[in-house]
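Architecture at a glance
Each chain, letter by letter, is given below.
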Amino acid sequence: MSLLNDLLNLNLSESTEKVIAEYVWIGGSGMDLRSKARTLPAPTTDPTKLPKWNYDGSSTNQAPGDDSEVILYPQTVFKDPFRRGNNILVMCDAYTPAGEPIPTNKRFNAAKVFGHPDVVAEEPWYGIEQEYTLLQKDINWPLGWPALGRDIVNSHYKACLYAGINISGINGEVMPGQWEFQVGPCVGIYSGDQLWMARYILERITEIAGVVLSFDPKPIKGDWNGAGAHANYSTKSMRNDGGIDVIKKAIEKLGKRHGEHIAAYGEGNERRLTGRHETADINTFSWGVANRGASIRVGRDTEKEGKGYFEDRRPASNMDPYVVTSMIAETTILWKP
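Residues numbered from 1 in each chain as written. Predicted model: local features only at pLDDT ≥ 70, side-chain atom pairs only at ≥ 80, totals over all residues. Heavy atoms only, no water.

Under an unreviewed UniProt entry, the chain has the name Glutamine synthetase cytosolic isozyme 1-1 and belongs to Citrus sinensis.

Laid out in structure tokens, this is it:
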């Protein structure tokens, strides 16, 4: 076993300029993460210098068997905390050979929203609070209270920092075995890139640890808090003096499109948004200052300063960050009621 570990920890830079790039993409369920590795001739951190690649989409439910090739487009590069050295992780999105985004490629439409001049001018910032649950492998029950799983959580924290992900903190949550990490502030599309890669790294670590990772918004039935992915959001106008008025107008817009947002905010969210356990009822839109039982929470500091950000507490833990972040920007900046 020691020889195997020695080989796994080989420093390639001592003998070659070649590096390993792990291409990562979102699979057919919209939540499963896939990856494959290739050798590059030299180190790079620029995604535009990386080659496109392909995979068999029929094996991931993303293409038919008689026309199965799907093309990966490199989008964002991270350092690889598993192989280390100059090796990299590459967040990709997926296209047909003709260059059309496949249906599960939510990044494509998000990039169009974030590329709109009005959105670019507002510099939208996001901080996403990703909750998740660690389950025992054989009995599908949460790891024990209060600290089991902390080694996994701390390993993930350091691995994300190593990778270059803007992870801003971690904490234990209400239910035994439930944890949270926060990614942000990130600008625009990069919030989605960073959260997906943080999820990928967490999946790899739980695989090593032999535990089950769940992003289900209510993995255990009962009188427990569910798992969400609260989205903290601000624009330049919200962060400037007088921004509280901009925030209130944005919240009013979100209220008018509540049903559309709920439909896009994750699967099984009705089991979590019950009006109990620090949630608003799924069918009722509300907002308040320091109110964790509302759909939208405005912090005391934001109220006091008259500017800042708000928190959308509706997204489920299994939401797609490309969908949620772009939808919030589109509704609050581009949509004209």
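On we go.
For the rest of this paragraph, the subject is the overall build of the chain. Helix and strand counts for the chain stand at ten helices and 13 strands. Against the globule reference of 20 Å for 337 residues, the chain gives a C-alpha radius of gyration of 21 Å, in line with a compact fold. Overall, the chain is about 60 × 50 × 45 Å in size when its C-alpha atoms are taken along their principal axes. Per-residue burial over the chain gives 50% buried out of 337 residues. A sequence separation of at least 24 residues applies to 64% of the contacts in the chain between residues at least 6 apart. Charged side chains in the chain number 37 positive and 42 negative. The centres of these two groups are separated by 3 Å. (Helix = DSSP H or I, 4+ residues; strand = E, 2+ residues; numbered from the N terminus. Rg over C-alpha atoms; globule rule 2.2 N^0.38 Å. Buried < 20%, exposed > 50% of the residue type's maximum accessible area, 1.4 Å probe, protein only. Contact = heavy atoms within 4.5 Å. Lys, Arg positive; Asp, Glu negative; His and termini not counted. Charge placed at Lys NZ, Arg CZ, Asp CG, Glu CD.)

Together, L3, L7 and L10 give the surface a local cluster of nonpolar side chains, amounting to about 310 Å² of exposed area. Tracing the sequence through the fold places L10 in the loop between α1 (2–8) and β1 (19–26). (Patch = residues over 30% accessible without salt bridge, like charges linked within 9 Å, V, L, I, M, F, W, Y side chains within 5 Å. Areas by Shrake-Rupley, 256 points an atom, 1.4 Å probe, with all protein chains shown as cover. Salt bridge = Lys/Arg side-chain N within 4 Å of Asp/Glu carboxyl O.)

In this fold, Q194 is placed in helix α5 (residues 190–209). Q194 sits in the buried class, given a relative accessible area of 13%. Along the primary structure Q194 and N171 are separated by 23 residues, whereas in three dimensions their C-alpha atoms are 18 Å apart. Filtering out sequence-adjacent residues up to four positions away, Q194 remains in contact with F78, G164, I165, N166, V183 and C186.

Here we take up helix α2 (residues 106–114). Listed as buried for α2 are R107, A110, V113 and F114. Along α2, the residues classed as buried sweep out an arc of 115° about the axis, all on the same side. In this structure, the buried residues of α2 make contact with β4 (69–79), β5 (88–95), α3 (117–122), β6 (125–135), α5 and α10 (321–334). (Arc of directions from axis to C-beta.)

Scanning the model with the defined rule gives eight aromatic pairs in all. Between Y95 and F108 the ring centres are 6.1 Å apart and the planes differ by 85°, which places this aromatic pair in the edge-to-face class. Within this pair, whereas Y95 is found in strand β5, its partner F108 is found in helix α2, the two being separated by 13 residues in sequence. The lysine or arginine in question, K79, covers the ring of Y162, its NZ or CZ lying 4.4 Å from the ring centre. The ring of W335 is capped by R257, whose NZ or CZ atom sits 5.0 Å from the centre of that ring. (Phe/Tyr/Trp six-rings, centres within 6.5 Å; stacked < 30°, edge-to-face > 60°. Lys NZ or Arg CZ within 6 Å of the ring centre and 35° of its normal.)

Turning next to helix α7 (residues 243–256). The first and last C-alpha atoms of α7 sit 20 Å apart over 14 residues, in line with the 20 Å expected at 1.5 Å per residue. Among the residues making up α7, those that are buried are G243, I244, I247, A250, I251, K253 and L254. (Expected span 1.5 Å × (residues − 1).)

Right, let's get into the nonpolar core. As a rule of thumb, nonpolar side chains are buried together in soluble globular proteins. If you look at the biggest cluster of nonpolar residues, it comprises 59 residues, and the most contacted ones within it are Y132, I165, M197, I201 and F310. If you tally residues by element for this core, the top one is α5, at eight residues. For F310, the residues in contact, after removing those within four places along its chain, are A231, N232, Y233, M238, I247, A250, I251, L254, I296, R297 and V298. W53, C92, A94 and I102 belong to the second largest nonpolar core, which has 17 residues in total. (Core = buried A, V, L, I, M, F, W, Y, C linked by side-chain atoms within 4.5 Å.)

Attention now moves to the side chain of D312. Here D312 lies in strand β13 (residues 310–312). What makes D312 buried here is its relative accessible area of 0%. In terms of polar contacts, D312 uses its side chain to reach the side chain of Y265, at 2.9 Å. Dropping the residues within four chain positions of it, D312 is found in contact with H230, A231, Y265, S295, I296 and I328. (Polar contact = N/O pair within 3.5 Å; in protein donor to acceptor, adjacent residues only side chain to side chain.)

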